[in-house]
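Residues per chain, in single letters:
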Amino acid sequence: MRLDKYLAQSSIGRRKAVRGFIKEEKVKVNGQLEIIPATEIDEFSDTIEYLDEIVEHIGNVYYMFHKPSGCITARSDANDKTVLDYFEEVNTNGLFPVGRLDKDTEGLLFLTNDGEFNHRLMYPDKHVNKTYFFWAFGSLSEEQRHQLEEGITIEEGEPLTKQAKVEVIKSGLFASLKDEIDGDKYEKVKKNRDVQSVVAGYITISEGRKHQVKRMLRAMGCYVIYLKRISIGDVVLDKALEK
Ligand code: URA
């Protein structure tokens, strides 16, 4: 295995960072300084040191996280709790979230130390489907649902959205459906909305533009009040996994 891969998998840092550490002469292999990141090492018999401490090989790790609303998808933040704050019991060196969910979006988020896994899931050309459940103020006609599926221009100058799948599962007046919307979503819903229409459904997209689902629905006159990612590719958020 390459030395830089071994160090990245051992949570010393991302691949780019560990290459720097190697060049800065912070890494030894069997007691010898090693400055070439591509050096082949034997992960079972060689002794690798970083700043004179032996580096245990952790390998790649993959976590399924049920993100609650209110935390930021980042490694650190000056003001808010981040997803990494939920990983206090594990070694978080090198661990990072795959993609991004908005602060108020819940649901499936992977965390890993595997940059290639991140690339395979997030690189736009890979077209990995992500499915979200939403509640929104407004209504979606069959025509609008079809437009969303075929592709829309969210904002002038932006390319058409790629083909999507949209399923409406409920629509009606807020007064009659509000009990089905989870408690904490009410906080951002102002009073006197009872006579407004709400719609719930699933939307599957294969891109990852900023606030994409909210902006796509907004373009159809729907204001998202609750968003939860329920699957990425074939992986569905485990129903038994608490937020
Ligand atoms: N689309 C959004 O608008 N927000 C998210 O968090 C994810 C997808």
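Refer to the preceding data block for the structure.
Please read all numbers here as calculations on a predicted model, not as lab measurements.

**Some points on the site of the ligand**
Item 1. For the ligand, the full set of nearby residues is Leu-101, Asp-102, Thr-105, Tyr-132, His-211, Gln-212, Val-213, Lys-214 and Leu-227.
Item 2. In this structure, an oxygen atom belonging to the ligand sits 3.4 Å away from a main-chain N or O atom of Gln-212.
Item 3. Contact with the protein chains covers 96% of the free accessible surface of the ligand, which is 230 Å².
Item 4. Take the shell around the ligand: its biggest share by element is 3 residues, from helix H6 (residues 212–218).
Item 5. Grouping the amino acids of the shell around the ligand by side-chain chemistry returns 4 nonpolar, 3 polar and 2 charged.

**Side note on the packing of aromatic side chains**
Item 1. For the coordinates displayed, the defined rule picks out 10 aromatic pairs.
Item 2. For the pair Phe-21 and Tyr-50, a centre-to-centre distance of 5.1 Å together with 40° between the ring planes defines the contact as tilted. Separated by 29 residues along the polypeptide, Phe-21 in helix H2 (residues 15–23) and Tyr-50 in strand S3 (residues 48–50) bring together distant segments of the chain. Here Phe-21 matches Tyr-50 in class, with each residue buried.

**Let's talk about the environment of Leu-111**
Item 1. Following the sequence through the fold, Leu-111 ends up in strand S7 (residues 106–112).
Item 2. Taking the C-alpha atoms as reference points, Leu-111 and Leu-241, separated by 130 residues in sequence, lie 15 Å from one another.
Item 3. In contact with Leu-111, other than residues within four places in its own chain, are Val-61, Tyr-62, Tyr-63, Phe-65, Val-83, Leu-84, Phe-87, Leu-95, Phe-96 and Pro-97.

**Side note on the pairing of S7**
Item 1. The buried count for S7 comes to 7 of 7 residues, which makes it a mostly enclosed element.
Item 2. Sheet analysis places strand S5 (residues 62–67) next to S7, joined by 6 bridges and oriented antiparallel. Looking across to S7, one finds that Tyr-62 is bridged to Thr-112.
Item 3. Bridge analysis of strand S6 (residues 96–97) against S7 gives 2 bridges, and the strand direction is antiparallel. Counted as the bridge partner of Pro-97 is Leu-111 from S7.
Item 4. Bridging between S7 and strand S11 (residues 223–232) involves 2 bridges; their strand directions are parallel. Within S11, the position partnered with Gly-107 by the bridge is Arg-229.

**With respect to the nonpolar core**
Item 1. Ranked by size, the top nonpolar core spans 28 residues in total, and within it Leu-111, Phe-134, Leu-140, Leu-148, Ile-203, Met-216 and Leu-217 carry the most contacts.
Item 2. For this core, the secondary-structure elements that each account for two or more residues are S7, strand S8 (130–137), strand S10 (197–205), H6 and S11.
Item 3. The contacts of Ile-203, once residues within four sequence positions are left out, are Lys-130, Thr-131, Tyr-132, Phe-134, Lys-165, Val-166, Val-213 and Met-216.
Item 4. Core analysis: the next-biggest nonpolar cluster, separate from the first, contains 13 residues, Tyr-6, Leu-7, Ile-48 and Val-55 among them.

**Observations concerning the environment of His-119**
Item 1. Counting through the fold element by element, His-119 comes out in helix H3 (residues 115–122).
Item 2. Overall, the relative accessible area of 39% leaves His-119 in the partly exposed class.

**Some words on H2**
Item 1. Within the span of H2, buried status applies to Val-18, Phe-21 and Ile-22. Across the axial projection of H2, the buried residues extend over an arc of 100°, all falling on one side. Opposite its buried face, H2 presents the exposed residues Lys-16 and Lys-23, each directed more than 90 degrees away.
Item 2. At its buried positions, H2 is contacted by helix H1 (3–9), strand S1 (27–29) and S3.
Item 3. The positive-phi residue at the C-terminal boundary of H2 is Glu-25, with phi of around 65°.

Cut-offs applied
Residues numbered from 1 in each chain as written. Predicted model: local features only at pLDDT ≥ 70, side-chain atom pairs only at ≥ 80, totals over all residues. Heavy atoms only, no water. Near = heavy atom within 4 Å. Polar contact = N/O pair within 3.5 Å; in protein donor to acceptor, adjacent residues only side chain to side chain. Areas by Shrake-Rupley, 256 points an atom, 1.4 Å probe, with all protein chains shown as cover. Helix = DSSP H or I, 4+ residues; strand = E, 2+ residues; numbered from the N terminus. Nonpolar A, V, L, I, M, F, W, Y, C, P; charged D, E, K, R; others polar. Phe/Tyr/Trp six-rings, centres within 6.5 Å; stacked < 30°, edge-to-face > 60°. Buried < 20%, exposed > 50% of the residue type's maximum accessible area, 1.4 Å probe, protein only. Contact = heavy atoms within 4.5 Å. Pairing = 2+ DSSP bridges. Core = buried A, V, L, I, M, F, W, Y, C linked by side-chain atoms within 4.5 Å. Arc of directions from axis to C-beta.

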